[in-house]
Amino acid sequence: MKRIIIDCDPGNGIAGANTDDGLALSLALASPALSLELITTVSGNTPSAVGAQVAKDLLARLGAEIPVVQGALQALKEDPRPWRELLDRKNDSAELKDLWRSVRKPEALSPDGNDAAGAMGKLICDNPGEITLVAIGPLTNVAQALTRFPAMAESVAEIVIMGGVFAVDDYIKDTNFGFDPEAAHQVLHSGAAITLVPMDVTTQTLMTQPDLTRVTAVDHPLADFVRETLRPWIDYSVRTRQLPGSWIHDALVVAWLLNQQVACGMDYRVDIELRAGATRGKSWRYREPLRLDIGIPPQTGAQVHVLHSVNNALLLEMIESALKSLPH
């Protein structure tokens, strides 16, 4: 059994907010091969307080007792207001808001603390080599934990990150890295073992409404949560992105921990732009050249394992199998 922490920014049940964090949490909770020992929330897709309510509400539905600790309210340096306005603008349209009309909002439950960096850093350093950190929101909490716990980079078994975008049309940067570029840079260069799951691979995932009906065709509160909260987001994605369904970015991260056949990757040098301007927060990657006399300095960027292709049919099959194996 793999012991994990999930650091996230879930928005399930919140009009206009992405639901892939909640699907990732659900897959982890439904998988006997994973021991989810701590959930921490960070400001990104939703403010950290909202994300904590979503996670607490999900656990309450299941009667599960896993600590949920709220984390960073804003980025290390980046002004959160433009990002918050951009993300919250998804809620402006009455027509789109109506998609969530019948969806139960998460209850206003209190988190089990508000020091996410402290909670994750202590758990990892108290159990060297035992804990895998799944980071599927901006990396503010993770960067703060690495600063406060110098041994964390060596103590963590691996950090698996959903973040970065290299060559996806219409995206200069992604939300997770763009929301806090300094945090992303610090984590990438921390020396920890890192696997990166960028938008280039997560935009190869897809869940349609028929897929959702099929994978949640079981009488269980967790399947009910997935069906209820993903249905409006899939409709939202179809209407606003002209896709046949929705991407399920963060679920791929958890699925890869369970079965590495679901996605292929290779090692790259990866870094992120910190200078002011339109490309601030943009990530880039390159393979180590065989010859270093072509103008690229050696050792530029951090050595990171990057996923680049996905078996979407297997991903959906894994989600379906996990949910249908739940006792009911």
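Residues numbered from 1 in each chain as written. Predicted model: local features only at pLDDT ≥ 70, side-chain atom pairs only at ≥ 80, totals over all residues. Heavy atoms only, no water.

Bringing the overall build of the chain into the picture now. Across its full length, the chain carries 14 helices and 9 strands. Taking 20 Å as the expected radius of gyration for a compact globule of 328 residues, we find that the chain reaches 19 Å, a close match to that expectation. Here the C-alpha coordinates of the chain stretch approximately 60 × 45 × 40 Å along the principal axes. For the chain, buried positions account for 57% of its 328 residues. The long-range share in the chain, meaning contacts at least 24 apart out of those at least 6 apart in sequence, stands at 81%. Of the roughly 13500 Å² of accessible surface on the chain, a fraction of 52% belongs to carbon and sulfur atoms. The chain carries 29 positive and 40 negative side-chain charges, and their two centres are separated by 3 Å. (Helix = DSSP H or I, 4+ residues; strand = E, 2+ residues; numbered from the N terminus. Rg over C-alpha atoms; globule rule 2.2 N^0.38 Å. Buried < 20%, exposed > 50% of the residue type's maximum accessible area, 1.4 Å probe, protein only. Contact = heavy atoms within 4.5 Å. Areas by Shrake-Rupley, 256 points an atom, 1.4 Å probe, with all protein chains shown as cover. Lys, Arg positive; Asp, Glu negative; His and termini not counted. Charge placed at Lys NZ, Arg CZ, Asp CG, Glu CD.)

Now for the side chain of Ser35. On the secondary structure map, Ser35 appears in strand β2 (residues 34-41). Within the structure, the side chain of Ser35 is placed 3.2 Å from the side chain of Glu37, a separation counted as a polar contact. Residues contacting Ser35, with those up to four places away along its chain left out, are Met1, Lys2, Arg3 and Ile4. (Polar contact = N/O pair within 3.5 Å; in protein donor to acceptor, adjacent residues only side chain to side chain.)

Before going further, it helps to examine the nonpolar core. Grouped together as the largest cluster of nonpolar side chains are 59 residues, with contacts concentrated most on Ile6, Ile39, Met207, Val262 and Ile319. In this structure, Ile39 is in contact with Ile6, Cys8, Leu25, Ala55, Leu59, Ile66, Pro67, Val68 and Val69, ignoring residues within four places of it in sequence. Counting 36 residues, the second largest nonpolar core, distinct from the first, contains Ile124, Ile161, Phe177 and Ala302. (Core = buried A, V, L, I, M, F, W, Y, C linked by side-chain atoms within 4.5 Å.)

By secondary structure assignment, the location of Ala183 is in helix α9 (residues 181-188). Ignoring any residue separated from it by four or fewer positions in sequence, one finds Ala183 in contact with Leu76, Leu139, Thr140 and Ala143.

Side-chain pairs of opposite charge can arise where the charged atoms are in close proximity. Enumeration over the complete set of coordinates arrives at 17 salt bridges. The closest approach of N and O atoms between Arg81 and Asp79, which form a salt bridge, is 3.0 Å. Salt bridges sharing partners connect three or more residues here, namely Asp57, Arg61, Arg104, Glu107 and Glu228. (Salt bridge = Lys/Arg side-chain N within 4 Å of Asp/Glu carboxyl O.)

Most peptide bonds take the trans configuration, and most residues that are not glycine carry a negative phi. A positive phi angle, close to 75°, is found at Asp170, a residue other than glycine. With respect to the helices and strands, the residue Asp170 is situated in the loop between β5 (158-162) and α8 (175-179). A positive phi angle, close to 55°, is found at Gln242, a residue other than glycine. Take Gln242: it is sitting in the loop between α12 (221-241) and α13 (249-258). Look at Gln242 and you get exposed, because its relative accessible area is 62%.

Now for the environment of Gly191. Along the chain, Gly191 falls in the loop between α9 and β6 (194-197). As for Gly191 and Pro181, which are separated by 10 residues in sequence, their C-alpha atoms are 17 Å apart.

This paragraph deals with the sheet that holds strand β4 (residues 131-135). The sheet built from 9 strands is open, its strands ordered β3-β2-β1-β4-β5-β6-β9-β7-β8 with mixed pairing. In this open sheet, the two strands that pair with only one neighbour each are β3 (68-70) and β8 (283-286). When strand polarity is set aside, the average angle formed by the axes of neighbouring strands in this sheet is 30°. As paired strands, β4 and β5 are joined by 4 bridges and run parallel to one another. For Val134, the partnering residue across the bridge sits in β5 and is Val160. Most of the contacts of helix α5 (residues 116-126) go to β2, to which it runs at about 150°, and overall it touches β1 (2-8), β2, β3 and β4. Across the sheet, α9 touches β5, β6, β7 (263-272) and β9 (302-310), and the angle it forms with β7 is around 115°. (Pairing = 2+ DSSP bridges. Axes fitted to C-alpha atoms, helices over the stretch in contact; angles between N-to-C directions.)

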